[in-house]
Amino acid sequence: MTRKLLFILLLCFLIACKKEQPKIQPQTFFKEVITPDDIKTITPEEAKTYHKDLKRKYEYRTGTSGNYEYNYEVSGVNQEGDSVSGVINIKGKYGAGKIINKDKSSADIYVEWMDYGKLKGRDKKGNSYKLKVN
């Protein structure tokens, strides 16, 4: 009788120990960087959280609260004072996009918020831009 009881207790203990352990996601130090080509497409993952709000200045946003990526139309001037316009994606303080110059040539640009609705940008050639959100 004691052997049966001991066997049942041991069996219950083993079954309880076989519970699947929760999977822990490894923490990564990789920070996703927005590239100029990000303005061309919306990934299927981003499409799930696509949001358009006509009351706001952004064209649309994707992501979740505290982790949004915004798409803006911008205009401004380059370092020579010539008018430029384009589209950027931005997440947090930094982003990237494409700018059209007065000669209709385009340039990849990396931008940073400076103030509400104001950005500064730099292209791969080192040219600087002062931009505002349309």
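See the structure above.
Along each chain, residues carry numbers from 1 onward, in the same order as the chain's sequence is written. Only residues with pLDDT of at least 70 get local features here, since the model is predicted, and only at 80 or more are side-chain atom pairs given and counted; chain-wide, interface and lining totals rely on the full set of residues. Hydrogens and waters are ignored; side-chain quantities use all the structure's heavy atoms.

S.K.: Sorry, what's going on with unusual backbone geometry here?
M.R.: Among all residues except glycine, the phi angle is most often negative; among peptide bonds, the trans geometry is most common. Of note in this structure, Lys-104 is not a glycine but carries a positive phi near 70 degrees. Numbering of helices and strands runs from the N terminus, with a helix taken as a DSSP run of H or I at least four residues long and a strand as a DSSP run of E at least two residues long. Within the secondary structure, Lys-104 sits in the loop between β4 (94-100) and β5 (106-115).

S.K.: How should the pairing of β5 be read in this particular structure?
M.R.: Regular strands show a simple pattern: their side chains alternate between the two faces of the sheet. Bridge count for β4 against β5 is 7 bridges, and the pairing is antiparallel. Bridged to Gly-95 within β5 is Val-111. A pair of strands is labelled paired if DSSP reports no fewer than 2 bridges between them. Between β4 and the antiparallel strand that follows it, β5, lie 5 residues; Lys-104 among them carries a positive phi value of about 70 degrees. Counting the residues that bridge the hairpin from β5 to strand β6 (residues 118-123) gives 2 residues, and of these Gly-117 lies at a positive phi of roughly 75 degrees.

S.K.: Just checking my understanding: could you explain a nonpolar patch on the surface for this structure?
M.R.: Residues enter patches when their relative accessible area tops 30% and they take part in no salt bridge; the joining distance is 9 Å for like charges and 5 Å for the nonpolar side chains Val, Leu, Ile, Met, Phe, Trp and Tyr. Where accessible areas are quoted, they stem from the Shrake-Rupley method and a 1.4 Å probe; at the residue level, only the protein chains shown are allowed to cover. Just to be clear on terms, a salt bridge is a Lys or Arg side-chain nitrogen sitting within 4 Å of an Asp or Glu carboxyl oxygen. The grouping of Phe-7, Ile-8, Leu-11 and Ile-15 at the surface amounts to a nonpolar patch, some 420 Å² of accessible area in total. Buried residues are those whose accessible area, probed at 1.4 Å on protein chains only, stays under 20% of the maximum for their type, while exposed residues exceed 50% and partly exposed ones sit between those limits. A relative accessible area of 41% places Leu-11 in the partly exposed class.

S.K.: For this particular structure, what's the right way to read the packing of aromatic side chains?
M.R.: Ring pairs (aromatic) are described by centroid distance and by the angle formed between their planes. Stacked, tilted and edge-to-face are the three classes applied to pairs of Phe, Tyr and Trp rings, where Trp contributes its six-membered ring and a pair requires centres within 6.5 Å; stacked means planes under 30 degrees apart, edge-to-face means over 60, and tilted covers the rest. Counted according to the given criterion, the structure contains 3 aromatic pairs. Ring geometry for Tyr-72 against Trp-113: centres 5.5 Å apart, planes inclined by 90 degrees, an arrangement best described as edge-to-face. Here Tyr-72 is found in strand β2 (residues 67-78), whereas its partner Trp-113 is found in strand β5, with 41 residues between them in sequence. Both residues of the pair, Tyr-72 and Trp-113, count as buried. Members of the aromatic cluster, joined through ring pairs, are Tyr-68, Tyr-70, Tyr-72 and Trp-113. By definition here, charges over rings are those cases where NZ of Lys or CZ of Arg is within 6 Å of the ring centre and within 35 degrees of the ring normal. Above the plane of the ring of Tyr-68 lies Arg-61, whose end atom (NZ or CZ) is 4.0 Å from the centre.

S.K.: So what exactly am I meant to see when it comes to the pattern of salt bridges here?
M.R.: Under the definition given, this model contains 6 salt bridges. Glu-45 is the salt-bridge partner of Lys-48, the closest N and O atoms lying 3.5 Å from each other. Each of the two residues, Lys-48 as well as Glu-45, counts as exposed.

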